[in-house]
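Structure at a glance
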Amino acid sequence: MNTHTAITQAFYHAFNNNDASAFDRILAASWVNHPADPGQPNTPAGFKRAVELTHAAFERFHIDIEAVVAEHDLVVCRITMRGRHVADFDTWKASGREVCFSGMDMHRIDAGKIQETWHFENFDGLKATSQTGQVEPL
């Protein structure tokens, strides 16, 4: 594992644990979030608030890293996010159901910190997980 990959893994660990102080160590002060999360500035402070809101909306929220590609100063991660949808999240009303959705992030790392992140979440593909653990459309 290279240093850039380890920094990226620390990012997801901090996200999973809603650890704002860890983001202070991982994200550069000038970090830019592309695009900004809904209703938030594309800054570390705006991102930390978005992480709080995500955890409030999804009980037991967790991100799994499905694949990683690292080259030069970039690390790209394909991710899966899961949790129980207990509060409204952007335009999606709380369903009370276990949900699963996917995303892709690209992080640019320099000087031991993430300088920029580009992300895409497949919210249109928001899915519920059945009692058997199978993913089913909402």
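Structure report, in brief. (Residues numbered from 1 in each chain as written. Predicted model: local features only at pLDDT ≥ 70, side-chain atom pairs only at ≥ 80, totals over all residues. Heavy atoms only, no water.)

What follows is about the overall build of the chain. A tally of helices and strands in the chain yields three helices and seven strands. Expressed as a percentage of its 138 residues, the buried residues of the chain come to 41%. Of the roughly 7,400 Å² of accessible surface on the chain, 53% is carried by carbon and sulfur atoms. (Helix = DSSP H or I, 4+ residues; strand = E, 2+ residues; numbered from the N terminus. Buried < 20%, exposed > 50% of the residue type's maximum accessible area, 1.4 Å probe, protein only. Areas by Shrake-Rupley, 256 points an atom, 1.4 Å probe, with all protein chains shown as cover.)

On to the pairing of strand β4 (residues 98-110), then. In this sheet, β4 lies alongside strand β3 (residues 74-85) in antiparallel orientation, the contact comprising 11 bridges. Across the sheet, residue Thr-80 finds its bridge partner in β4, namely Ser-102. Both β4 and strand β5 (residues 113-121) contribute to a ladder of eight bridges, which runs antiparallel. Residue pairing for β5: Met-104 is matched across the bridge by Phe-120. Hairpin connection of β4 to β5: two residues between the antiparallel strands, including Ala-111 at a positive phi of 55°. (Pairing = 2+ DSSP bridges.)

Looking now at the pattern of salt bridges. Pairs can form between side chains of opposite charge whenever their charged atoms are close. Enumeration over the complete set of coordinates arrives at eight salt bridges. The partner of Glu-59 in a salt bridge is Arg-84, and the shortest N-O contact between them spans 2.8 Å. Here Glu-59, found in strand β2 (residues 58-71), pairs with Arg-84, found in strand β3; they are 25 residues apart in sequence, far enough to count as distant. On the basis of relative accessibility, which here comes to 32%, the residue Glu-59 falls in the partly exposed class. Here Arg-108 makes a salt bridge to Glu-116, at a shortest N to O gap of 2.9 Å. Among the charged side chains, a network of salt bridges with common partners joins Glu-59, Arg-60, Arg-84 and Glu-98. (Salt bridge = Lys/Arg side-chain N within 4 Å of Asp/Glu carboxyl O.)

Okay, the packing of helix α1 (residues 3-16) against helix α3 (residues 44-57) next. Put simply, α1 and α3 touch, their axes get as near as 10 Å, and they point 50° apart. Here α1 is positioned oblique relative to α3, judged by the angle of their axes. Facing α1, whose interface residues are Phe-11, Phe-15 and Asn-16, α3 presents Phe-47, Val-51, Thr-54 and His-55. For the contact of α1 with α3, the class distribution of residues is four nonpolar, three polar and no charged. (Axes fitted to C-alpha atoms, helices over the stretch in contact; angles between N-to-C directions. Parallel < 35°, antiparallel > 145°, perpendicular 65-115°, else oblique. Contact = heavy atoms within 4.5 Å. Nonpolar A, V, L, I, M, F, W, Y, C, P; charged D, E, K, R; others polar.)

The next point concerns the side chain of Gln-115. Counting through the fold element by element, Gln-115 comes out in strand β5. For Gln-115, a relative accessible area of 15% translates into the label buried. Contact partners of Gln-115, with chain neighbours within four places excluded, come to Ala-28, Ser-30, Trp-31, Val-32, Arg-108, Ile-109 and Asp-110.

On to α1. Look at α1: 20 Å from first C-alpha to last across 14 residues, which is about the 20 Å you get at 1.5 Å a residue. Taken together, the buried positions of α1 are occupied by Thr-5, Ile-7, Thr-8, Phe-11, Tyr-12, Ala-14, Phe-15 and Asn-16. Note on α1: the residue one or two positions beyond its end, Asn-18, has a positive phi of about 50°. (Expected span 1.5 Å × (residues − 1).)

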